[in-house]
Amino acid sequence: EELIWYSIKSRRWMFDLQKIELKEMSEDVVKHMTEHMGRLPGKMQLGLKLCACLGPSFDATILEKARKDATIGDDFLESCVEDGFLQTDGGSSYKWSHDQVQQAAYGLIPLQKREKLHLLIGSRLLLSIPPSEMERFIFHVADNMNRGAKFLEDLAQKYEVAELNLRAGEKLLQQQSFHSAVNYLMNGITLVGDDSWGAKYSLTLRLYDAASEALCVVGDYQTLTALAEKPLHYARCFEDKLNTYSNLVRALSSSGKCDECINTSVSVLSQLGEFIPTKITQEIYFDEVAKVRQSLIGLSRQDLLSLPVMTDFNKLTAMRFLNHMLLATYASNPSMNPIVAFRMVRMTVEYGVCSISAIAFSCYGAWLASSLNDDYDVAFTMGRVASDLMKKLGSVEILPRVHAVVYGMINIYKEPWQASLCKHSEAFDAGLMHGDMEYAVSNIAFYHTLALFGCGSNLQESSHSLQKHIQRGLQYNQNGMVKSMAIYEQMTFDLMGLEKNAYDSHYGGLNEDAVLDMTIKNKVAALTRTLNQKIRYVKYMCGDMDAAAKHYDLQQELYANCAGQATTGRTVFFLITAFIDGLIGLYFARKHRDDEAKWTGVAETAIEYMTKWAKSCSWNFANKLSLLQAEYFFLKDDEQAYSCYKASIKQAREHRFNHEEGLAHEKLATYLLHTNKHDEALQHFQDAKKCYETWHAHVLVRRVEKAIAVLSPLCTNSR
């Protein structure tokens, strides 16, 4: 419009400010660009319209097919590149220089004509692209046909477009683009209608199977549940319902409907010839233990890795549903959890290996390491079998599940905890990549359990990381694991002294006591265990000993009622709370009350546990054993207490358990006060403060500061 121009004479840009001020400029950049494009020659405008309908990037070949006989000019693409509308890789591929440029070009098409133009372009592409090239251009064709689909009247055309959407959706599933896959597959389902179950059965079943898988991955469980009704009603045989059932039970487990998941899985398994009891008596339990052990007699690690491949369809399918049950039984029916793992192992030995066999061996290993067995070496061997089998079969998609159990429940007895953190992070990434959102989020929950309670990671950094991962979990509707991570987040708030309620958005504004009451009432075993363990830990660390004792007694009551009993394996949380329970017991035993024998027994049990675990992995447990022994010698007025305290401090420092080094310093300071060694006690209180400051446990820092303030005037060095 000649409002701005370049002056050759002055060699600078010139402008007419008065005319510019009078000119009404649109604040909407896209609208302004559309107005500019509207002044281009008609052929250029037509070309821009066609390109805008082809998406953010396209090939010159597809544009040729889309324009058919329309004239856009031989040098159209070159002109678009020169004008800055398009960019090219130097070959036949083009993309818009900015999404707003594409929007501006799209704005050239009158609103009322857009859908028909898309249908025209889609039809041209569908007719002109040979079958051998359709895979390459499938998204361009499907996108344009979908946008004009409401003008399709012929049923055969609708089925044809539905098949395009199926092909596009399946391709995106292979590429792990799950949200985009949902869009195409749901478009396809909308096109076919219920009559297609008779007219186009195979197409319709494939659409529903693929859509249920995509919906499960993205966490749209409400849509999935509604969608599942159709194939479960119209499918012609039980086998054709299995994919829908598979995705449905995954959705039920992830959304916290664990009992419904278990019942549905048990029903499917019974039709596959596998009958799983849901009420586990001692007789059933020990019978299943005997059967699984009998099946493994004489089989070495190499024998297990050399088993033939499972080929029986029913058994392969049964393994899939048993696998789906693991998280649900762990959460709500813990006595059933090992029974599921045992059955998977026995089927593997009898019928051969499949990818899920690796998960079976890892779960069996976790059971071997549990409190009923404490067979850590054989458990570790089973973990290696699981990892080796996964690699041998090339089953990278099950890595999140194997890592969750191997590094979350087995290797915690054999290898430094810090070494497992990266494995859980790796499994989280792998789960996101392969669409295993349940175990992606499970692994990140394991990561935070290990980092916070095991390794003593910086509370502030952990809190920020938890907030990020909780949001990821919510994005994929992994409600059960999100609720567990909310418990860990609350722990960071408590120890940092923040007046925040991490449960607010997950439990309808309830406080912690109300949440615990709710989980007990609803018999949510895993959450009840986790929450009660967290409360004991925080109450002890913060010095609220009566509350710590109260929650210890509650846990014993829950175990007695089977509401809080252990499952196939134990996480590091169990190991840490066993340590804390021992310290609680020793505190109350030193009170020399009527219940001294009870609390001494609690302490001795903890020492027994820690002795076994320290023999298996000194790195993780030596400092804890030394501190328990020190407190026990303190109870018995034995001078060996001092050397054990010092050993615990040294071991915690060398093994990078900063939080437990602080605890050991504080306990030694308390012992030294008892022996009237005020100066040395003061030094250890100051050392404890430094450790707690590094941990960002401000509540503990303030408590120790009070002790320092009281003690300082009594010390020689402060006078």
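The preceding data block contains the structure.
A. View of the packing of aromatic side chains. Here the structure, examined in full by the defined rule, presents 28 aromatic pairs. Between phenylalanine 58 and tyrosine 94, the aromatic rings sit 6.3 Å apart at their centres with planes inclined by 20 degrees, giving stacked as the arrangement. In this pair, phenylalanine 58 sits in strand 3 (residues 57–59) while tyrosine 94 sits in strand 5 (residues 93–96), placing the two residues 36 residues apart along the sequence. With respect to burial, phenylalanine 58 and tyrosine 94 carry one shared label: buried.

B. Molecular detail of the nonpolar core. Among the nonpolar cores identified, the biggest contains 251 residues, and Leu48, Phe58, Phe85, Trp96, Trp417 and Tyr537 are the most heavily contacted of them. Considering each element in turn, this core owes the most residues, 13 residues, to helix 30 (residues 572–589). Leave out the neighbours within four places in its chain, and tryptophan 96 touches Leu48, Cys51, Ala52, Gly55, Pro56, Phe58, Phe85, Leu86, Val101, Gln102 and Ala105.

C. Focus on the sheet that holds strand 5. A sheet is described by the order of its strands in space; here three strands give the open sequence 3-5-4, paired in antiparallel fashion. The open sheet has two edge strands with one neighbour each: strand 3 and strand 4 (86–88). For this sheet, the mean angle separating the axes of adjacent strands, direction not counted, is 30 degrees. Here three bridges tie strand 3 to strand 5, and the two strands are oriented antiparallel to one another. Across the sheet, phenylalanine 58 pairs through a bridge with tyrosine 94, a residue of strand 5.

D. Region of the structure containing a negative patch on the surface. Together, Asp74, Asp75, Glu78, Glu82 and Asp83 make up a region of like negative charge exposed at the surface. One can find aspartate 74 in the loop between helix 4 (60–67) and helix 5 (76–82).

E. Up close: the pairing of strand 5. Taking every second residue as pointing to the same face, the buried face of strand 5 carries Tyr94 and Trp96, while none of Ser93 and Lys95 on the other face is buried. Hairpin connection of strand 4 to strand 5: four residues between the antiparallel strands, including glycine 90 at a positive phi of 95 degrees.

F. Focus on the environment of lysine 291. Looking at the secondary structure, you find lysine 291 in helix 16 (residues 282–296). Since its relative accessible area comes to 36%, lysine 291 is described here as partly exposed. Through-space distance from the C-alpha of lysine 291 to that of arginine 346 is 7.9 Å; in sequence the pair is 55 residues apart.

G. Expanded view of the pattern of salt bridges. Within the structure shown, the criterion is met by 28 salt bridges. Of the charged contacts in the structure, one is a salt bridge between glutamate 135 and arginine 167, with a shortest N-O distance of 3.7 Å. Of the two residues, glutamate 135 is situated in helix 8 (residues 131–147) and arginine 167 in helix 9 (residues 155–174); the sequence distance between them amounts to 32 residues. If you follow the salt bridges from partner to partner, you end up with Glu274, Glu288, Lys315, Arg343 and Arg346 in one network.

H. Inspection of helix 25 (residues 459–475) at higher detail. Here helix 25 is 17 residues long and its end C-alpha atoms lie 24 Å apart, about the 24 Å a rise of 1.5 Å per residue gives. Considered for burial, the residues of helix 25 that qualify are Leu459, Ser462, Ser463, Leu466, His469, Ile470 and Gly473. Take helix 25 and look down its axis: the buried residues cluster within an arc of 135 degrees, on one side only. Helix 25 presents Glu461, His464, Lys468 and Gln471 as exposed residues on the side facing more than 90 degrees away from its buried surface. Of the residues flanking the start of helix 25, the one acting as N-cap is asparagine 458, its side-chain oxygen 3.0 Å from the backbone nitrogen of glutamine 460. Looking one or two residues past helix 25, asparagine 477 carries a phi angle of roughly 55 degrees, positive in sign.

I. Here's a closer look at the packing of helix 12 (residues 201–218) against helix 14 (residues 242–254). Where helix 12 meets helix 14, the closest approach of the two axes is 9 Å, and the angle between their N-to-C directions is 15 degrees. Compared by their axis directions, helix 12 and helix 14 come out roughly parallel. Crossing hand, helix 12 versus helix 14: left-handed. Contact with helix 12, carried on its side by Asp209, Ser212, Glu213 and Cys216, involves Asn243, Thr244, Asn247, Arg250 and Ala251 of helix 14 and no other residues of that element. Taken together, the residues that form the contact of helix 12 with helix 14 break down as two nonpolar, four polar and three charged.

J. Here's a closer look at the environment of alanine 149. With respect to the helices and strands, the residue alanine 149 is situated in the loop between helix 8 and helix 9. Remark: the alpha-carbon pair of alanine 149 and valine 161, spanning twelve residues in sequence, is separated by 8.3 Å.

Analysis parameters
- Residues numbered from 1 in each chain as written.
- Predicted model: local features only at pLDDT ≥ 70, side-chain atom pairs only at ≥ 80, totals over all residues.
- Heavy atoms only, no water.
- Phe/Tyr/Trp six-rings, centres within 6.5 Å; stacked < 30°, edge-to-face > 60°.
- Helix = DSSP H or I, 4+ residues; strand = E, 2+ residues; numbered from the N terminus.
- Buried < 20%, exposed > 50% of the residue type's maximum accessible area, 1.4 Å probe, protein only.
- Core = buried A, V, L, I, M, F, W, Y, C linked by side-chain atoms within 4.5 Å.
- Contact = heavy atoms within 4.5 Å.
- Pairing = 2+ DSSP bridges.
- Axes fitted to C-alpha atoms, helices over the stretch in contact; angles between N-to-C directions.
- Patch = residues over 30% accessible without salt bridge, like charges linked within 9 Å, V, L, I, M, F, W, Y side chains within 5 Å.
- Areas by Shrake-Rupley, 256 points an atom, 1.4 Å probe, with all protein chains shown as cover.
- Salt bridge = Lys/Arg side-chain N within 4 Å of Asp/Glu carboxyl O.
- Lys, Arg positive; Asp, Glu negative; His and termini not counted.
- Charge placed at Lys NZ, Arg CZ, Asp CG, Glu CD.
- Expected span 1.5 Å × (residues − 1).
- Arc of directions from axis to C-beta.
- Polar contact = N/O pair within 3.5 Å; in protein donor to acceptor, adjacent residues only side chain to side chain.
- Parallel < 35°, antiparallel > 145°, perpendicular 65-115°, else oblique.
- Left-handed = near helix turned anticlockwise from the far one by under 90°.
- Nonpolar A, V, L, I, M, F, W, Y, C, P; charged D, E, K, R; others polar.

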